[in-house]
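Analysis of the macromolecular model
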Amino acid sequence: MTFEKILSSTDDAKTGWESLAEIADSEELRFNNARETGERKMAELESKFAGSNFALSFRGFAKNCHEKSDDCINAAAERMAQLAEGDDDEISVVMHSRRAGISGGRWYSNGELGTGEYIFETLGSKCSPANIGRLETIARTIPSSDYVRFENMRMDAYRIENIVIAGRSFIHDCAPEAHRLIEAMIDYYDARESDEVDEKRENLSRLLSELREKHGAGYTDPHEKYIFDLDNYDKTAGAFSGDPVGGLLRKDPEADAIYDGDKGDVRAIDVLRRLKEDMEPVPLEAPKTKISELNEAFERLGQVSVNEETGELRIEVDDLAEVLGAINRHLMSVQGQRELFPSTIQAVAYTDRLSAAALRNISKKDWQEIAFDPVFKEIVRFAQLTMSGGYSEDEFEGIYARFIAKAGEAFGEDSIDDEKVADAFEIIQSRTLDNSRTVASEFSDNPYLGYLSAAVWSGNLTHELIGLKEKYSS
């Protein structure tokens, strides 16, 4: 066909580019329609349940949701409505807190999520390793999705306002990484009689500047007026007065029932320590989930003890057999389905913490032989299911078989070659790095969430799996 004929034919037939544009327009239209329908549905819910925060949290979620599809928006709205009818604990923060999301909608950047938006995001997301890894990483930066802890944070924020902080809004606004500021304040106070006090003060100052630059919001309050004066930390905290913004007023019996701190005279530093505990990104207790088999496994495991000197969890790899089996089976069974709950992500984060602690504590003998331990295999499978670009049973089994074969080469008649053991772990290391990079790219591609990309392999199971190659090799 001549060039002239091609040009003339465009009047009678659509080009491929036009078809693609039509598809994109159609997808955007469906998304916008779903968002408008969802907003109306959430407004109706909010009017039905006094003291809730469905509409504003949904609006922030729809603005910043990761998957721009009508399926995601519809699933989040429909599942939220179903859970609301049963006053389900999974959504208690949205159901009962008047400012459940990022400052009740007063501020948010593209991609950032507060607690309310995060709950919607979880309900709308498909179960996939990449989504789970992304949601778990976000969950480590926001105030708890547990209602009791969430409200205790708010009530304690009032008690330290104008004593060690200038304003409570960075806590009330669900500002990301608020727990980091609280931890740095406590570290500074605890170093007050040591040679490290100046260093801790400088760390606190740098962190405050960092959080202001990244997130703005309540971090911009003039905290310097109070935060660096160590005498303020020993002052008596404000009187317990509930949460007027959240709706739990001083005379509200629900506030008295929910608040589990000392309502009498306590020091500001003691309130800060409570805040740190409530803001712990991954609590030391197993969550209650919708997965009965996993709940039973957590119950049989019991409360994991903590080394008081180091703060490390005392747990062995083989202790995790039932928990890993239960959570892995569940995650494999719901792949591709919109079946995630906040408690599912909490369970993943808790299991990740336990698994990382178990690997951190292994002896050299365990390190040499762990490739042949079926529980370790389930740890590696769990990592693939919760922090990667995808899960394929055949692919996983093939890679693990190669790992076992390589590890077997280290065993001679009278000795074990540690360098060959390390070479075998290079297979796990390489795979884990590739997996974590996939999830990290979900954040690094967004200028507002780039700071989370490094968190994907920091202080977690991913970090421990990457480090196994060098753990005992020369």
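Structure report, in brief. (Residues numbered from 1 in each chain as written. Predicted model: local features only at pLDDT ≥ 70, side-chain atom pairs only at ≥ 80, totals over all residues. Heavy atoms only, no water.)

Once that is clear, we can look at the environment of D87. With respect to the helices, strands and loops of the structure, D87 is situated in the loop between helix 4 (70–85) and helix 5 (92–96). With relative accessibility at 38%, the residue D87 sits in the partly exposed group. Separated by 222 residues in the primary sequence, D87 and E309 have C-alpha atoms spaced 41 Å apart. Leaving out residues up to four positions away in the same chain, D87 has contacts with M95 and H96. (Helix = DSSP H or I, 4+ residues; strand = E, 2+ residues; numbered from the N terminus. Buried < 20%, exposed > 50% of the residue type's maximum accessible area, 1.4 Å probe, protein only. Contact = heavy atoms within 4.5 Å.)

As a further point, take unusual backbone geometry. Look at N162: it is not a glycine, yet its phi comes out positive at around 60°. Inspection of the secondary structure puts N162 in the loop between helix 8 (147–160) and helix 9 (169–172). Judged by relative accessible area, N162 falls into the partly exposed class, the value being 46%. A positive phi angle, near 60°, is found at C174, a position not held by glycine. Looking at the secondary structure, you find C174 in the loop between helix 9 and helix 10 (178–190). The class for C174 is buried, based on a relative accessible area of 0%.

This part is about the pattern of salt bridges. Counting across every chain of the model gives 34 salt bridges. A salt bridge links R353 to E280; its shortest N-O distance comes to 3.6 Å. Within this pair, whereas R353 is found in helix 18 (residues 342–360), its partner E280 is found in the loop between helix 15 (268–278) and helix 16 (292–301), the two being separated by 73 residues in sequence. By relative accessible area, R353 is classed as partly exposed at 22%. Take E280: its relative accessible area is 25%, and that puts it in the partly exposed class. Notably, a salt bridge pairs E378 with R381, separated by 3.1 Å at the nearest N-O pair. (Salt bridge = Lys/Arg side-chain N within 4 Å of Asp/Glu carboxyl O.)

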